[in-house]
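# Results of the structural survey
Listed below are the residues making up each chain.
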Amino acid sequence: MKIYLDTANLDEIREAASWGILSGVTTNPSLMAKETGADFEDTIRTIAGLVDGPISAETVSEDADGMVAEGREYAAWHPNVIIKVPSTPAGLQAVHRLGQEGIRCNVTLIFNANQALMAALAGAFVVSPFIGRVDDMSEDGMELIREIAAIFEQDPDIHTRILAASIRHPRHVIESALAGAHIATCPFKVLRQGMKHPLTDRGMASFLADWKAREATMAVTAGAGV
Ligand code: G3P
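So, a few notes on the structure that sits alongside this text. Model, not experiment: these values are computed from the prediction. (Residues numbered from 1 in each chain as written. Predicted model: local features only at pLDDT ≥ 70, side-chain atom pairs only at ≥ 80, totals over all residues. Heavy atoms only, no water.)

### A look at the pattern of salt bridges
For the structure shown, the criterion picks out nine salt bridges. The salt bridge involving Glu143 is made with Arg146; its shortest N-O contact spans 3.1 Å. Taken together, the residues Glu143 and Arg146, both in helix H8 (residues 141–153) and three residues apart, mark about one turn of the helix. Of the residues examined, Glu143 reaches a relative accessible area of 35% and is grouped as partly exposed. (Salt bridge = Lys/Arg side-chain N within 4 Å of Asp/Glu carboxyl O. Helix = DSSP H or I, 4+ residues; strand = E, 2+ residues; numbered from the N terminus. Buried < 20%, exposed > 50% of the residue type's maximum accessible area, 1.4 Å probe, protein only.)

Listed below in C-alpha cells is the structure:
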C-alpha cells in the first residue's frame, strides 16, 4: 500500500518527503484554510516540486460546469495534479467529462459502497472513503473499505484505486491496507505516531549507553597500558 500525506502544510510535506515514504499528497479546502495567506496555485505547484506522485487539488464549485472549469485550470498547473470532486451527481458528471480530456479525478466524501461503485464507473482514478468520519457515526469504516475492495476486485474493468481518507490513527493505516485499500492518506501526526514505539526509544538508549561504557572501558585499558 502507498502512503500519501493529507495536508497543505509545506513544512510537513518537506519533512515526510525527506523520509522517502511519500507517493502523493491530498489537500482539501479545509486543509488549505489552515495555511493562512497561502496561495492555492503556488501551494499545489510547490507540492508537485517536492513529491513525485499524484497531488489532489479540490474543486469548490457545486455544479458540473464549474467543477470541469476548475479541473481544467488545476490540471494545467502540473501533470501530477489530480482533480478532487465530491461524490454528488454533479461530481460524477465532472469526472466523466474531465476523464474524456485525460484529466484524472479523485472522488471524495465517499461514505458508502454505492458512491464508490458509481465513481469508479464514471471513470474515477481514485475514490476516497472517509473512514474516520464513518467511525464517528458509529458505523464501520473498515467494513466500507472491505466492501469497496470486494466490488472492485470482481470487475476486471474497474481500475480505480481505493484511497483510505479521514485517517485518525496508525491502526487505521494498517487496517486499511489489510482491508484492501491501495493508498492511505495520513495527517503528518499519524505518520509520526506510526513511527513511534517506546521499545525503539528504550532500545536505542540502551545501545548508546552500552557503546559509551565500552569506549570508557577501552580508554581506561589503553591508559593503563594494558
Ligand atoms: O482527505 C480527507 C480528510 O482530510 C478528512 O479527514 O479528519 O477531516 O475527517 P478528517
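And the narrative resumes.
### Things to note about the site of the ligand
Taken together, Asp6, Asn28, Lys84, Phe130, Arg133, Ala165, Ser166 and Arg168 make up the full set of residues adjacent to the ligand. Within the side chain of Asp6, an N or O atom sits 2.5 Å from an oxygen atom of the ligand. Asn28 has a polar side-chain atom sitting 3.3 Å from an oxygen atom of the ligand. Considering the ligand on its own, with 310 Å² of exposed area, one finds that the protein chains cover 81% of that surface. (Near = heavy atom within 4 Å. Polar contact = N/O pair within 3.5 Å; in protein donor to acceptor, adjacent residues only side chain to side chain. Areas by Shrake-Rupley, 256 points an atom, 1.4 Å probe, with all protein chains shown as cover.)

### Some details on the pairing of strand S7 (residues 161–164)
With two bridges joining them, strand S6 (residues 126–129) and S7 adopt parallel strand pairing. Bridging across to S7, Val126 finds its partner in Arg161. Taken together, the two bridges between S7 and strand S8 (residues 183–186) define a ladder with parallel strand orientation. The residue bridging Ala164 from the neighbouring strand is Ala184, located in S8. Tracing the backbone out of S7, into helix H9 (residues 170–179) and back to the parallel element S8 gives a crossover that is right-handed. (Pairing = 2+ DSSP bridges. Right-handed = clockwise from strand over helix to strand, strands pointing away.)

### Considering the nonpolar core
Judged by nonpolar contacts, the single largest core of 55 residues is most densely connected at Val127 and Ile148. Setting aside residues no more than four positions away along its own chain, Val127 makes contact with Asn106, Val107, Ile110, Ala116, Ala119, Ala120, Ile148, Phe152, Thr160, Arg161, Ile162 and Leu163. Judged by nonpolar contacts, the second largest core, of six residues, contains Phe130, Leu163, Ala165 and Ile183. (Core = buried A, V, L, I, M, F, W, Y, C linked by side-chain atoms within 4.5 Å. Contact = heavy atoms within 4.5 Å.)

### Describing the side chain of Thr160
Along the chain, Thr160 turns up in the loop between H8 and S7. Here the side chain of Thr160 touches Ala124 through a polar contact of 2.9 Å, landing on its backbone oxygen. Residue contacts for Thr160: discarding those within four places in its chain leaves Ala120, Ala124, Phe125, Val126, Val127, Phe152 and His182.

### A short note on the packing of helix H6 (residues 113–122) against H8
Running from amino to carboxyl end, H6 crosses H8 at an angle of 35°, the nearest separation of the two axes being 9 Å. The chirality of how H6 crosses H8 is right-handed. Where H6 abuts H8, its residues Ala113, Ala116, Leu117 and Ala120 lie against Leu144, Glu147, Ile148, Ile151 and Phe152. Residue composition of the contact of H6 with H8, grouped by class: eight nonpolar, no polar and one charged. (Axes fitted to C-alpha atoms, helices over the stretch in contact; angles between N-to-C directions. Left-handed = near helix turned anticlockwise from the far one by under 90°. Nonpolar A, V, L, I, M, F, W, Y, C, P; charged D, E, K, R; others polar.)

### Looking at the sheet that holds strand S4 (residues 81–86)
One closed barrel holds the eight strands; their spatial order is S1-S2-S3-S4-S5-S6-S7-S8, and the pairing between them is parallel. Adjacent strand axes in the sheet meet at a mean angle of 25°, parallel and antiparallel pairs treated alike. Judged from the four bridges that link them, S4 and strand S5 (residues 105–110) form a sheet pairing that is parallel. The residue of S5 that forms the bridge with Val85 is Val107. Its contacts with the sheet place helix H3 (residues 40–50) against strand S2 (22–26), strand S3 (55–58) and S4, and it is angled at close to 170° to S3. Running at roughly 160° to S4, helix H4 (residues 64–75) makes contact with S3 and S4 of the sheet.

### What about a nonpolar patch on the surface?
A cluster of nonpolar side chains, contributed by Trp19, Ile21 and Met195, occupies part of the molecular surface with about 300 Å² of accessible area. Relative to the helices and strands, Met195 is located in helix H10 (residues 188–195). For Met195, a relative accessible area of 63% translates into the label exposed. (Patch = residues over 30% accessible without salt bridge, like charges linked within 9 Å, V, L, I, M, F, W, Y side chains within 5 Å.)

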